[in-house]
Amino acid sequence: MSDREPIYLDYSATTPVDPRVAEKMIPYITEHYGNPASRSHPYGWTAEKAVENAREEVARLVNADPREIVWTSGATESNNLAIKGAANFYAATKGKHIITVSTEHKAVIDTVRELERQGFEATYLDPEPNGLIDLEKFKAAIRPDTVLASVMFVNNEIGVIQDITAIGNICRANNIIFHVDAAQATGKVVIDLETLPVDLMSFSAHKTYGPKGIGALYVRRKPRIRIEAQMHGGGHERGMRSGTLATHQIVAMGEAFRIAREEMAAENERIRMLRDRLLHGLQEIEETYVNGDLDHRVPHNLNISFNFVEGESLIMAVKDIAVSSGSACTSASLEPSYVLRALGRSDELAHSSIRFSIGRFTTQADVDYTIDLLKSKIGKLRELSPLWEMFKDGIDLSKVQWAAH
Amino acid sequence: MAYSDKVLDHYENPRNVGSLDKNASNVGTGMVGAPACGDVMKLQIQVNEAGIIEDAKFKTYGCGSAIASSSLVTEWLKGKTLDQAAEIKNSAIAEELALPPVKIHCSVLAEDAIKAAVADLKSKQHGSKEAA
């Protein structure tokens, strides 16, 4: 046990701001503080130029036109703006049915739930046990009145990559607006909106080494997609999102996305090497299960369940590393991850899962330390576990009559 | 979740972890809880000829508070008669470990485990007396 900070393996929760990004951002707080909407003096012109440069950088990472990028406060706002904005705009002409997936981020699921409250109907598709969508099931969910589908590019908990091209083509063929939450995808997978059949795509800066509080929404121009504004005011961002632009945040997001574009290929190689090392190390522990498909997956994510170990005690045991647990250990009760439940994992396995997410500043020494820590702590907790003892005695735990309490 | 020092101590250094021979006539076993609920406790007590608990062992699948509750009661049980053991109340466990309200169920489970172990032992002794 040491007093030093735990090793950070929670890059899917948020990333540190890259020092190059911070450096580029600071002058736009202290020196170039003009309002980019000020047209009458150089303070405003400088800020506007910086904002437009950043817009270009964001567009370049995803091969879009800068005019298709709308600044928001983050992926949650982008998801709200895209889903509510498009559903409301097209409801009268197309209908009021929405398709999404049960493993989406809450920012999508709860937005669709809100639309249901307002009179829309929704289908929440369950993915296959590997986390991927069965395209035939997706097609079967389509109704004549389906107006919008929302499917995330890369899942935040298990890192699986959905077949966005195939799903988008199905949407095109059925005249359905297609929104993609790409918060976990930028800098991890190649995104080419020139060829991807996607109408709306959400981005976040802080998952890609930018600061929190800034994001963007891609809104396709050809064919032109319309959305109803959710935030009203000065008519910024061509009326789609009013509010004074946060120049420094925007500059930082642009720089973060520029670095992602230039360094992504080399960085992903290095991260894949680290992830494989972590995977092989942890698989030396008996009764471990990888959650989510390993092939259709970003290398940054490893989600593993350790059988016969309880989730909360597992989190206590690994406090020298900063990771996320499949148990949302809220104040009152231990709730198993809804994503893992949707894959058909038992409560026990969902509770005993850990999401390791690796990033730009993770080292091989970090990975080796983590493997040793897990081996020792899992061993200790299993020594304590009556379930492990029963398993080792050959007892089928599913056949045991447990005393209810 | 902030744990008390006592919970952390029992979690880091659990007392009396292990198993006794569940088939022995002077060993009582209590297993309570369910995996789906997130905690399972196995508590075993061994009595000497005078009817005093001379050994107690546990294994627990559960959170830090559940591990600490069962570890603590193994310490308390030693030297007690079965009747004294059955008097241990969950409130005393919760107080000793300073359990927060959301973790009171861990102490309840520990009390249930004691009662189950005592009942198991008594039924064994009762059965052997009848046989004799």
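(A) Fine view of the overall build of chain A. Within chain A, the regular secondary structure consists of 13 helices and 15 strands. For chain A, whose C-alpha radius of gyration is 23 Å, the value lies close to the compact-globule estimate of 22 Å for 405 residues. Considering only C-alpha atoms, chain A reaches an extent of 80 × 50 × 40 Å along its principal axes. For chain A, with 405 residues in total, the buried portion stands at 50%.

(B) Focus on the overall build of chain B. Broken down by element type, chain B carries five helices and three strands. Ordered by position in the sequence, the α and β elements of chain B form the string α-β-β-β-α-α-α-α. Here the C-alpha atoms of chain B give a radius of gyration of 14 Å, agreeing with the 14 Å that 2.2 N^0.38 yields for 132 residues. Summarising its shape, the C-alpha atoms of chain B cover approximately 55 × 30 × 25 Å along the three principal directions. Per-residue burial for chain B yields a buried fraction of 48% across its 132 residues. Partitioning the intrachain contacts of chain B with sequence separation of at least 6 by distance along the chain shows that 64% fall at a separation of at least 24.

(C) Expanded view of the environment of Ile88(B). Residues and elements named next belong to chain B. Within the fold, isoleucine 88 resides in the loop between helix H3 (82-86) and helix H4 (90-97). On the basis of neighbour count, isoleucine 88 is assigned to the buried category, with 20 C-beta atoms found within 10 Å. Separated by 24 residues in sequence, isoleucine 88 and aspartate 112 have C-alpha atoms that sit 9.9 Å apart. With residues near it in sequence (within four places) discarded, isoleucine 88 still touches Val73, Trp76, Glu111 and Ile114.

(D) Layout of the sheet that holds strand E10 (residues 301-306) of chain A. Residue and element names in this part refer to chain A. Read from one edge of the open sheet, four strands run E9-E10-E15-E12, paired in antiparallel fashion. Two strands in the sheet have a free side with no partner beyond their single neighbour: strand E9 (288-290) and strand E12 (324-325). Where E10 meets strand E15 (residues 353-357), five bridges bridge the pair, whose relative direction is antiparallel. The residue bridging serine 305 from the neighbouring strand is serine 353, located in E15. Each of E9, E10 and E15 is contacted by helix H8 (residues 247-282), which is oriented at about 10° to E10, the strand it contacts most.

(E) Just the nonpolar core, in detail. Ranked by internal contacts, the top residues of the largest apolar core, which has 87 residues, are Ala86(A), Ala87(A) and Tyr218(A). Formed by 62 residues, the second largest nonpolar core is a distinct cluster that contains Met31(B), Leu99(B), Ile114(B) and Ala117(B).

(F) The arrangement of the interface of chain A and chain B in detail. The interface is formed by 23 residues belonging to chain A together with 26 residues belonging to chain B. When residues of the side of chain A that touches chain B are traced back to their parent elements, those giving at least two are helix H9 (311-317), helix H11 (347-351), helix H12 (364-384) and helix H13 (386-392) of chain A. Of the residues in the side of chain A that touches chain B, the class split is 12 nonpolar, five polar and six charged.

(G) Quick peek at the sheet that holds strand E1 (residues 27-34) of chain B. Residue and element names in this part refer to chain B. Spatially, E1-E2-E3 is the arrangement adopted by the three strands of the open sheet, whose pairing is antiparallel. Of all strands in the sheet, those with a lone pairing partner are E1 and strand E3 (53-61), marking the two edges. Strand-to-strand twist of the sheet, defined as the mean angle between neighbouring strand axes without regard to direction, takes the value 10°. The sheet contact formed by E1 and strand E2 (residues 39-47) spans eight bridges and is antiparallel. From the neighbouring strand, methionine 31 faces E2, where its bridge partner is lysine 42.

(H) Inspection of the packing of helix H1 (residues 5-12) of chain B against helix H2 (residues 64-77) of chain B at higher detail. All names here are of chain B. One way to put it is that H1 packs onto H2 with a least axis distance of 8 Å and a crossing angle of 80°. One finds that H1 runs roughly perpendicular with respect to H2. Judged by residue contacts, Lys6, Val7, His10 and Tyr11 of H1 engage Gly64, Ser65, Ile67, Ala68, Ser71 and Leu72 from H2. Of the residues belonging to the contact of H1 with H2, the class tally is five nonpolar, four polar and one charged.

(I) Region of the structure containing the pairing of strand E6 (residues 177-181) of chain A. Residues and elements named next belong to chain A. Counting buried positions along E6 gives five out of five residues, so the element sits mostly inside the fold. Of the two faces of E6, the one lined by Ile177, His179 and Asp181 and the one lined by Phe178 and Val180 are each fully buried. As defined by bridge partners, strand E5 (residues 146-150) adjoins E6 across three bridges and the pair is classed as parallel. Note on E6: the bridge partner recorded for alanine 149 is phenylalanine 178. In this view, the connection linking E5 to its parallel neighbour E6 by way of helix H7 (residues 164-173) has right-handed handedness. As judged from the three bridges shared by E6 and strand E7 (residues 200-204), these two strands associate in the parallel manner. What sits directly across from histidine 179, in E7, is leucine 200.

(J) The pairing of E3(B), seen in detail. Residues and elements named next belong to chain B. For E3, a buried count of seven out of nine residues is recorded, marking the element as mostly surrounded by other parts of the structure. Pairing between E2 and E3: eight bridges, direction antiparallel. The residue of E3 that forms the bridge with leucine 43 is phenylalanine 58. Following E2, the chain reverses through five residues before pairing antiparallel with E3; glycine 51 in that reversal takes a positive phi of roughly 85°.

(K) Local environment of helix H5 (residues 106-117) of chain A. All names here are of chain A. With 12 residues, H5 ought to run about 16 Å at 1.5 Å a step, and its terminal C-alpha atoms sit 16 Å apart, in line with that. All buried positions along H5 are accounted for by Ala107, Val108, Thr111, Val112 and Leu115. Taken around the axis of H5, the buried residues stretch over an arc of 125°, which confines them to a single face. Those residues of H5 that are exposed and angled more than 90 degrees off the buried face are Lys106 and Arg117. Lining the buried residues of H5 we find helix H4 (75-94), strand E3 (97-101), strand E4 (121-125), E5 and E6. Of the residues one or two after H5, glycine 119 is the one with positive phi, at around 110°.

(L) Looking closely at H12(A). Residue and element names in this part refer to chain A. Across its 21 residues, H12 extends 31 Å between first and last C-alpha, which sits within 8% of the 30 Å expected from 1.5 Å per residue. Residues of H12 that are buried include every one of Val367, Thr370, Leu374, Ile378, Leu381, Arg382 and Leu384, and no others. All buried residues of H12 lie within an arc of 130° about the axis, which places them on one face of the element. Seen from the open side of H12, the exposed residues pointing more than 90 degrees away from its buried face are Ala365, Asp372 and Ser376.

Rules used in this analysis
- Residues numbered from 1 in each chain as written.
- Chains lettered and ligands numbered in written order.
- Predicted model: local features only at pLDDT ≥ 70, side-chain atom pairs only at ≥ 80, totals over all residues.
- Helix = DSSP H or I, 4+ residues; strand = E, 2+ residues; numbered from the N terminus.
- Rg over C-alpha atoms; globule rule 2.2 N^0.38 Å.
- Buried ≥ 20, exposed ≤ 12 C-beta atoms within 10 Å, placed from the backbone.
- Contact = placed C-beta atoms within 7 Å.
- Pairing = 2+ DSSP bridges.
- Axes fitted to C-alpha atoms, helices over the stretch in contact; angles between N-to-C directions.
- Core = buried A, V, L, I, M, F, W, Y, C linked by C-beta atoms within 7 Å.
- Nonpolar A, V, L, I, M, F, W, Y, C, P; charged D, E, K, R; others polar.
- Parallel < 35°, antiparallel > 145°, perpendicular 65-115°, else oblique.
- Right-handed = clockwise from strand over helix to strand, strands pointing away.
- Expected span 1.5 Å × (residues − 1).
- Arc of directions from axis to C-beta.

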